[in-house]
Amino acid sequence: NAMTGASFSRDSDTDVATLIQRAIKQRNESVQSYAAGGREDLAKAEEAEIDILAAYLPRQLTTEEIETHVTQAIERLGVGVGGGAKAVGLLMREVDISPAQAPKSKVAEVVKRLLSAM
């Protein structure tokens, strides 16, 4: 069972979106593996499943939209270079993006990149 050991609330739209995002990520990895192995037929089947799963997600934020949210949070908090992991954690709590709209890993990647670019 794929849900064994996972924290899951059947009533939460965010939990469902997170589960769908995880399934899409797994299928994207399969597409890459199949394409590398010359199995375009299997890659196309996985891509079709991705399209079906994506239809059940709310509109996903673009990288640029995430950057806007993070930049606003940086300005609000006055966080600067040298904040390290503490600054990342503070910004992750401050950035108001639902996990249903963007995976936390993608938001964290943007936070770290923008902090390092300062």
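Before reading further, recall that the structure is shown in the block above.
My aim in this report is to walk through the structure given alongside it, one point at a time. Remember, predicted model here, so these are calculated numbers, not experimental data. (Residues numbered from 1 in each chain as written. Predicted model: local features only at pLDDT ≥ 70, side-chain atom pairs only at ≥ 80, totals over all residues. Heavy atoms only, no water.)

## Notes on the layout of surface pockets
Using a probe with the size of a water molecule, rolled over the atoms, empty space left in the structure can be pinpointed. Size it by volume and the largest pocket reaches roughly 250 Å³. Taken together, Thr 18, Gln 21, Arg 22, Ile 24, Lys 25, Pro 99, Pro 103, Lys 104 and Ser 105 make up the full set of residues lining the largest pocket. Elements that contribute at least two residues to the lining of the largest pocket include exactly α1 (13–36) and α5 (104–117). It is α1 that contributes the most residues to the lining of the largest pocket, 5 residues altogether. The residue inventory of the lining of the largest pocket, partitioned by class, reads 3 nonpolar, 3 polar and 3 charged. (1 Å grid on protein atoms, 1.4 Å probe; cavity = no way out; pocket = protein on both sides within 12 Å on 5 of 7 lines; lining within 4 Å. Points joined across faces, edges and corners; volume = space filled by probe spheres on them. Helix = DSSP H or I, 4+ residues; strand = E, 2+ residues; numbered from the N terminus. Nonpolar A, V, L, I, M, F, W, Y, C, P; charged D, E, K, R; others polar.)

## Observations regarding the environment of Ala 43
Residue placement: Ala 43 occurs in helix α2 (residues 40–54). A residue is classified by how much of its surface remains accessible, and Ala 43, at 2% relative accessible area, is buried. Residue contacts for Ala 43: discarding those within four places in its chain leaves Val 31, Tyr 34 and Ala 35. (Buried < 20%, exposed > 50% of the residue type's maximum accessible area, 1.4 Å probe, protein only. Contact = heavy atoms within 4.5 Å.)

## Points about the side chain of Glu 46
Within the fold, Glu 46 resides in helix α2. Buried within the structure, Glu 46 lacks any salt-bridge partner; its nearest side chain of opposite charge belongs to Arg 27, at an N-O separation of 4.1 Å. Apart from residues no more than four positions distant in its own chain, Glu 46 is found in contact with Arg 27, Ser 30, Val 31 and Tyr 34. (Lys, Arg positive; Asp, Glu negative; His and termini not counted. Salt bridge = Lys/Arg side-chain N within 4 Å of Asp/Glu carboxyl O.)

## Details of the packing of α1 against α2
It is at 8 Å that the axes of α1 and α2 come closest, and there the two elements cross at 165°. Regarding the angle of α1 to α2, the classification is roughly antiparallel. Considering only the axes of α1 and α2, their crossing is left-handed. Contacts from Ile 20, Ala 23, Ile 24, Arg 27, Asn 28, Ser 30, Val 31, Tyr 34 and Ala 35 of α1 reach α2 at Glu 40, Leu 42, Ala 43, Glu 46, Glu 47, Glu 49, Ile 50, Leu 53 and Ala 54. Within the contact of α1 with α2, the residues separate by chemical class into 11 nonpolar, 2 polar and 5 charged. (Axes fitted to C-alpha atoms, helices over the stretch in contact; angles between N-to-C directions. Parallel < 35°, antiparallel > 145°, perpendicular 65-115°, else oblique. Left-handed = near helix turned anticlockwise from the far one by under 90°.)

## Considering the packing of helix α3 (residues 63–77) against α5
Relative to each other, α3 and α5 sit at 55°, their axes nearing to 10 Å. In this view, α3 runs oblique relative to α5, as classed from their interaxial angle. The crossing of α3 and α5 is right-handed. Contact residues: α3 offers Thr 63, Ile 66, Glu 67, Val 70, Thr 71 and Ile 74, while α5 offers Lys 106, Val 107, Val 110, Val 111, Arg 113, Leu 114 and Leu 115.

## Points about the pattern of salt bridges
All told, the structure shown has 5 salt bridges when counted by the stated rule. Ionic pairing is found between Asp 41 and Arg 39, a salt bridge with its closest N-O pair at 2.9 Å. With a relative accessible area of 45%, Asp 41 lands in the partly exposed category. Across the pair Arg 59 and Glu 65 runs a salt bridge, and its minimum N-O distance is 3.0 Å. By relative accessible area, Arg 59 is classed as exposed at 55%. For Glu 65, a relative accessible area of 27% corresponds to the partly exposed category.

So yeah, pure geometry; function would need other evidence.
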